[in-house]
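Listed below, chain by chain, are the residues.
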Amino acid sequence: MATDLAQQFCALRDTYIEKQFGRLNDMQREAVFTTNGPLLILAGAGSGKTTVLVNRIANLIRFGSAHGSRWTPREVTEDDVKALRTAIMTGTDAPSWLDGMLRKDAVRSWNVMAITFTNKAAGELKERLRRMLGGEEGDEVFASTFHSACVRILRRWAEEIGYPRSFTIYDSDDSQRVMKAVYKELSVDDKFFPVKSAINQMSRWKDQLISPAEALKTPARDTKGALAAKVYAAYEKKLKEAGAFDFDDLIYQTVILLSEHEDVREFYQNKYKYLLVDEYQDTSVAQFRLVSLLTGPEKNICVVGDDDQSIYRFRGATIENILNFERIYKGTRTIRLEQNYRSTSNILNAANCVIQHNTERKGKTLWTKNGEGDKVQVYTAENEQDEASHIADVIGQHLKEGGHLADHAILYRMNAQSAPIESYFTRAGIPHKIVGGQRFNDRKEVKDIHSYMSIVANPRDDVRLRRIINEPARKIGATTIEVIADLAAQQGISMLDVISHADQYAKLSRAIAPLFKFWDIYQKLQESLETKTLDEFASDVIEITGYRAMLEADAAKGHEDAADRLQNLGQLVNNVKSYCDQHGEEASLEGYLEDIALISDIDSYNESADQVVLMTIHSAKGLEFPYVFLIGMEEGVFPSEMSKYSEADLEEERRLAYVGITRAKKELYISNSVTRMLYGRTQRNEPSRFLREIEPEYIEETRSPVLEQRSRLGGWGSGYGSDTVPGGASGYSGPSGWGRAASGYGSGYGSRSGYLNKEYNAPMSNNRGFGSDYAGRGSASSGHGGCDSGSGSSGFGSGYGRPAAPKAPVRPAGGGVTSSPRPAAASTGPKHYEPGDIVEHKVFGRGKVLKVKPAAGDQIVEISFEKVGVKKTMANFAPLVKITTEE
DNA sequence: GGCCGCTGATTTTTT
DNA sequence: ATCAGCGGCC
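Conventions used here
- Residues numbered from 1 in each chain as written.
- Chains lettered and ligands numbered in written order.
- Predicted model: local features only at pLDDT ≥ 70, side-chain atom pairs only at ≥ 80, totals over all residues.
- Heavy atoms only, no water.
- UniProt positions renumbered as here; feature names shortened; annotations may be inferred.
- Helix = DSSP H or I, 4+ residues; strand = E, 2+ residues; numbered from the N terminus.
- Buried < 20%, exposed > 50% of the residue type's maximum accessible area, 1.4 Å probe, protein only.
- Contact = heavy atoms within 4.5 Å.
- Areas by Shrake-Rupley, 256 points an atom, 1.4 Å probe, with all protein chains shown as cover.
- Domains from an automatic or database assignment.
- Phe/Tyr/Trp six-rings, centres within 6.5 Å; stacked < 30°, edge-to-face > 60°.
- Lys NZ or Arg CZ within 6 Å of the ring centre and 35° of its normal.
- pLDDT = per-residue confidence, 0-100.
- Pairing = 2+ DSSP bridges.
- Axes fitted to C-alpha atoms, helices over the stretch in contact; angles between N-to-C directions.
- Core = buried A, V, L, I, M, F, W, Y, C linked by side-chain atoms within 4.5 Å.
- Parallel < 35°, antiparallel > 145°, perpendicular 65-115°, else oblique.
- Left-handed = near helix turned anticlockwise from the far one by under 90°.
- Nonpolar A, V, L, I, M, F, W, Y, C, P; charged D, E, K, R; others polar.
- Expected span 1.5 Å × (residues − 1).
- Arc of directions from axis to C-beta.
- Salt bridge = Lys/Arg side-chain N within 4 Å of Asp/Glu carboxyl O.

As named in an unreviewed UniProt entry, chain A is DNA 3'-5' helicase, taken from Faecalibacterium prausnitzii L2-6. For the record of chain A, the UniProt heading Sequence similarities (unreviewed entry) holds the text "Belongs to the helicase family. UvrD subfamily."

Set out below in structure tokens:
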């Protein structure tokens, strides 16, 4: 009887627990209920990977390994069974007196560690855990990036490996400075072996856990290899002297610590009984080692990844980690998540087609219940302007149908490709933002102030000291700095120590006054830190160092960006303030510096603004958008020129294509261009092999009307699917409509002519055209529609969006094909608007002109659109047609 | 110390 | 085409 009840209870318990995870599919649930031993989850794009991670952690904490077990902690009573049955039937929580009966070996939340690559992913994980488990439990789970986790470990044990607890974290800029100093000391020629290459080589060595000594021992292939090992050793010595770790060291040194100190290792193995690693396909050898050192003897290690999305080989990721996981951890359970919740089947099939051409993979086939959706739209453009124009057409169409700008993402292989789109969108007044580029914390003025702050935290940090000792100018020249460095090196003390006793050194006699002045500033800063709040301290740094005064003087002198810089420093203080608010009592200078060292812009990329997003495919990993434009699908661009000689590199490019395709939820637009201007040369590119790899049944092709016209004339080879005539330079630009989305915008757009004045590439100084917004951490740039770039005269006429007609004669056709003369289509001349005019904009639809402001031969037109509100655009460049004139 | 002009390089990037 | 970095000159 009792056993009978127990059996009943256990069965009900399974039902109950399963119901808690009822929204998962079978595979996902299996992953969640596999609690012990090594687990490999191969999670395809959009397969609910984060959901699985979160649910798996929740299950560990709430039920442990109770699911599927026959175990009970005590005799089961009829009340137990009844209560559980009721809970299941009514869909309510089981009464709390059953708690102990529902969990077996339940894990405490602080025994779980989840590691991700980006702060964004870690933040997302924490947020969802909090939502699922409630604040207290959720916050106790240790979810962080590899680097933050290592910092946390090192802060506690750094002294064990000969570093101070208050170590500094060097970013790539700092690393470069150190390496440059090393080059100088060892008289290495940067021309012979660039600093960048040395840093790269060193980084790879650290990724592979190769120490300076080992690098030196290993017989080098050539002089450069030997040199690299030499500078690596010197660099490492310098960092140790400065009490600093670079990004790679954070991992590398933590591995050293854990390998060499059994007690420390056991401490963590005992603390974190369950380990979860996200994006496992992107881990390096060092990260692999780190994870195995943290994994205790029970081997409760769960890794999640997608070998098909491994795109960081170039920076040290070894796809082998995921490919060999099962071999390394015996008894691994492998679960594939292949159901996709993101995209339509046409998109997924296209993705599957492409990735199938790779050989080094585990093999997965994504499927979905989302329905077929539209076919993948492939557009062959004449050139990059045409490509941009076509994208604007499509977006405009979507907007008319009620879509949002922010639902559109433009993805490309390399950053240079954003320029034509950026320029086109800016001129057309289409709000957009480019993700990537310079980060807020990388700006010079910001880095300078941070450097001041870090030498207060860590007086040994000579690299940062050198950075700011004469910024603003204090008459401490290069010679003096080198003397100080020499003296410091001789005595094994820091440069700041030397400065504080400058009067004791004859060699410094001439520089005593400025040095003491500097020392005085330093002491004032120390005092400020001790007596004031952190944000007041930050503000003091800007003040006391004379930095603000310098910028104000610059501004007075008419330096254009000085005002921006001042604003950035204001933002810096705000950031410090919000750091303080976030951390309350825990806030510290070290903590703040750590945050800024480890947090990037994309983490704070604000998705709320209604703007089209432009970014590289690399940056887009992990994101999704309803409408995705994958541009520049051409041989030599994507796959990139550099990759086409190595099969492994090509496979990585293909994975990148796969990542790009799988970002799209509803519709995917792929484009290639017959000609493209790259690095100042116009090249003809064949369509990408990745395009050809997609079965025709999933795609729908369109070609630029210009190209259609041309082939009707019997001239040029076509692009996609057939051979291109090599060397056939195009100078001809025939009449054209508006691409496939043409919908009667009046004749002005139909015919083309006009010429793109060169000046029009200029007004986008500062990367701040109107309508554009860089995702920058904290930088309060926002808003669009502001039309602040006065620009030169126009003459663009009606040929909007058409390629820039060459000013010089077209490059002669290489293959003996002569280009046709350009037809003399008449330009309609500059466009003029008056308040009250009704206009039609290619993207924003119909609207009424509110204001017109003349600007350097052009007009800035403020228009109230029916659908999208008030926007400003440049009259001659916006895709704008006058419909009626009022009165 | 600051400005001018030349040279060369220019896949991808988080931390 | 564009930009950063460096060397030379005032």
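There's plenty left to go through after this.
Novice: Which parts of the structure should I look at to understand the overall build of chain A?
Specialist: Looking only at helices and strands, chain A features 34 helices and 24 strands. Counting every position in chain A, which comprises 887 residues, the buried fraction comes to 55%. Restricting the contact set of chain A to residue pairs at least 6 apart, pairs at least 24 apart contribute 76%. Just so you have it, chain A exposes about 37,900 Å², and 49% of that area is on carbon and sulfur atoms.

Novice: Could you clarify how one ought to interpret the domain arrangement of chain A in this entry?
Specialist: For interface size, the figure often reported is the accessible area lost on association. What the domain assignment lists for chain A is domain 1 (24-63 + 107-167 + 244-337), domain 2 (347-431 + 610-710), domain 3 (440-603) and domain 4 (837-882). Centre-to-centre separation of domain 2 and domain 3, based on C-alpha positions: 45 Å.

Novice: Looking at this structure, how should I read the environment of Gln 201?
Specialist: One can find Gln 201 in helix H10 (residues 195-207). On the basis of relative accessible area, Gln 201 is assigned to the partly exposed category, the value being 30%. Along the sequence, Gln 201 and Gly 225 sit 24 residues apart, while their C-alpha atoms lie 8.8 Å from each other.

Novice: Explanation requested: the packing of aromatic side chains in the structure shown.
Specialist: Any two aromatic rings considered together are summarised by their centre-to-centre distance and by the angle between their planes. In total, this model carries 18 aromatic pairs according to the counting rule given. Relative to Tyr 268, the ring of Phe 267 has its centre 4.9 Å away and its plane inclined at 90°; by these criteria the two rings are edge-to-face. Here the aromatic rings of Trp 519 and Tyr 522 are separated by 5.6 Å at their centres, their planes lie at 15°, and the arrangement is stacked. Here Trp 519 pairs with Tyr 522, and both are found in helix H25 (residues 512-531), just three residues apart, close to one helical turn. Residue classification places Tyr 522 among the buried residues on the basis of a relative accessible area of 2%. Among the aromatic residues, those joined into a ring-pair cluster are Phe 142, Trp 157, Phe 267, Tyr 268 and Tyr 272. Stacked on the ring of Phe 167, the Lys or Arg Arg 155 has its end atom at 3.9 Å from the ring centre. The residue whose ring lies beneath Arg 315 is Tyr 312, and the NZ or CZ to ring-centre distance is 3.6 Å.

Novice: Before we go on, may I ask you to explain the confidence of the model for chain A in this structure?
Specialist: Should pLDDT be low for a region, the predicted coordinates there are not to be read in detail. The share of residues in chain A with pLDDT of 70 or more is 85%, and the mean pLDDT across the chain is 83. This stretch, residues 717-828, has a pLDDT under 50; its non-local contacts, to residues over four places away or in other chains, come to 236 contacts.

Novice: Where do I start with the side chain of Glu 862 in this structure?
Specialist: Assignment of secondary structure puts Glu 862 in strand E22 (residues 858-865). Sequence-distant contacts of Glu 862, defined by excluding residues within four places in its chain, comprise Lys 848, Val 849, Leu 850, Lys 851, Val 870, Lys 871 and Lys 872.

Novice: Please explain the sheet that holds strand E11 (residues 376-381) as it appears in this structure.
Specialist: Within a beta sheet, neighbouring strands are joined by backbone hydrogen bonds and run either parallel or antiparallel to one another. The seven strands are arranged E13-E14-E12-E15-E16-E11-E19 in an open sheet whose pairing can be described as parallel. Looking at which strands have only one partner, the edges of the open sheet turn out to be strand E13 (432-434) and strand E19 (699-703). Direction aside, the axes of adjacent strands within the sheet are offset by 20° on average. The strands that helix H18 (residues 345-355) touches are E11 and strand E16 (664-673); relative to E16, the one it contacts most, it runs at about 50°.

Novice: Looking at this structure, I do not really get the nonpolar core. What am I missing?
Specialist: One recurring pattern in soluble globular proteins is that nonpolar side chains are buried together. With 49 residues, the main nonpolar core has Ile 449, Met 453, Leu 508, Phe 518 and Tyr 592 as its most contacted residues. Sorting elements by how many residues they give to this core places helix H21 (residues 444-457) first, with seven residues. When residues no more than four places from it in sequence are discounted, the contact partners of Ile 449 are Val 541, Ile 542, Tyr 547, Leu 569 and Leu 572. Core analysis: the next-biggest nonpolar cluster, separate from the first, contains 43 residues, Ala 149, Ile 169, Leu 257 and Leu 258 among them.

Novice: So what exactly am I meant to see when it comes to the pairing of strand E23 (residues 869-874) here?
Specialist: Looking along a regular strand, one sees the side chains alternate between the two faces of the sheet. Note that E22 and E23 share six bridges and pair antiparallel. Bridge assignment links Glu 862 to a residue of E23, and that residue is Lys 872. Between E22 and the antiparallel strand that follows it, E23, lie three residues.

Novice: How do you make sense of the packing of helix H28 (residues 562-583) against helix H29 (residues 589-598) when you look at a structure like this?
Specialist: The relative placement of two packed helices is expressed as an angle between their axes plus a distance between the axes. With their axes 11 Å apart at the nearest point, H28 and H29 run at an angle of 115° to one another. On the basis of their axis angle, the class for H28 and H29 is roughly perpendicular. Between H28 and H29 lies a crossing whose hand is right-handed. Across from Leu 572, Asn 575, Val 576, Tyr 579 and His 583 in H28, the residues of H29 making contact are Gly 591, Tyr 592 and Asp 595. In terms of residue class, the contact of H28 with H29 is built from four nonpolar, three polar and one charged.

Novice: Just to check I follow, could you spell out H25 for this structure?
Specialist: Every α-helix winds through 3.6 residues per turn, so residues three or four apart in the chain are directed the same way. Its 20 residues place the ends of H25 28 Å apart at the C-alpha level, agreeing with the 28 Å of an ideal helix rising 1.5 Å per residue. Pro 514, Leu 515, Phe 518, Ile 521, Tyr 522, Leu 525 and Ser 528 are the residues of H25 that are buried. Along the axis of H25, the buried residues cluster in a sector spanning 135°; they form a single face. Residues Ala 513, Glu 530 and Thr 531 are exposed on H25 and point more than 90 degrees away from its buried face. Those residues of H25 hidden inside the fold are in contact with H21, helix H22 (462-468), helix H23 (478-491), helix H24 (495-500) and helix H26 (534-544).

Novice: Can you walk me through the sheet that holds strand E6 (residues 274-277) in this structure?
Specialist: Strand order in this open sheet of six strands is E3-E2-E6-E7-E1-E8, and the pairing throughout is parallel. Strands at the two margins of the open sheet, each flanked by one partner only, are strand E3 (142-145) and strand E8 (333-337). Strand-to-strand twist in this sheet, taken as the mean axis angle between neighbours without regard to direction, amounts to 15°. Here E6 pairs with strand E7 (residues 301-305) via three bridges, running parallel. Bridge assignment links Val 277 to a residue of E7, and that residue is Val 303.

Novice: Can you help me understand the pattern of salt bridges in this one?
Specialist: Between side chains of opposite charge, a pair can form as their charged atoms come close. Throughout the structure, instances matching the rule amount to 53 salt bridges. A salt bridge links Arg 846 to Glu 840; its shortest N-O distance comes to 3.3 Å. For Arg 846, a relative accessible area of 36% gives the class partly exposed. Taking the relative accessible area as the measure of exposure, Glu 840 reaches 12% and is therefore buried. Members of the salt-bridge network, linked through shared partners, are Asp 171, Asp 173, Arg 177, Lys 444, Lys 447, Asp 448, Arg 467 and Glu 471.

Novice: What is the right way to look at the environment of Val 456 in this model?
Specialist: Examined against the element boundaries, Val 456 turns out to sit in helix H21. Along the chain, Val 456 and Gln 523 lie 67 residues apart, while their C-alpha atoms are 8.9 Å from each other. When neighbours within four sequence positions are excluded, Val 456 is seen to be in contact with Tyr 522, Leu 525, Gln 526, Leu 529, Phe 537 and Leu 589.

Novice: Which parts of the structure should I look at to understand the environment of Glu 445?
Specialist: With respect to the helices and strands, the residue Glu 445 is situated in helix H21. With 123 residues separating them in the primary sequence, Glu 445 and Asn 568 have C-alpha atoms 7.9 Å apart. Not counting residues up to four positions away in its chain, the partners in contact with Glu 445 are Tyr 547, Arg 565, Asn 568 and Leu 569.

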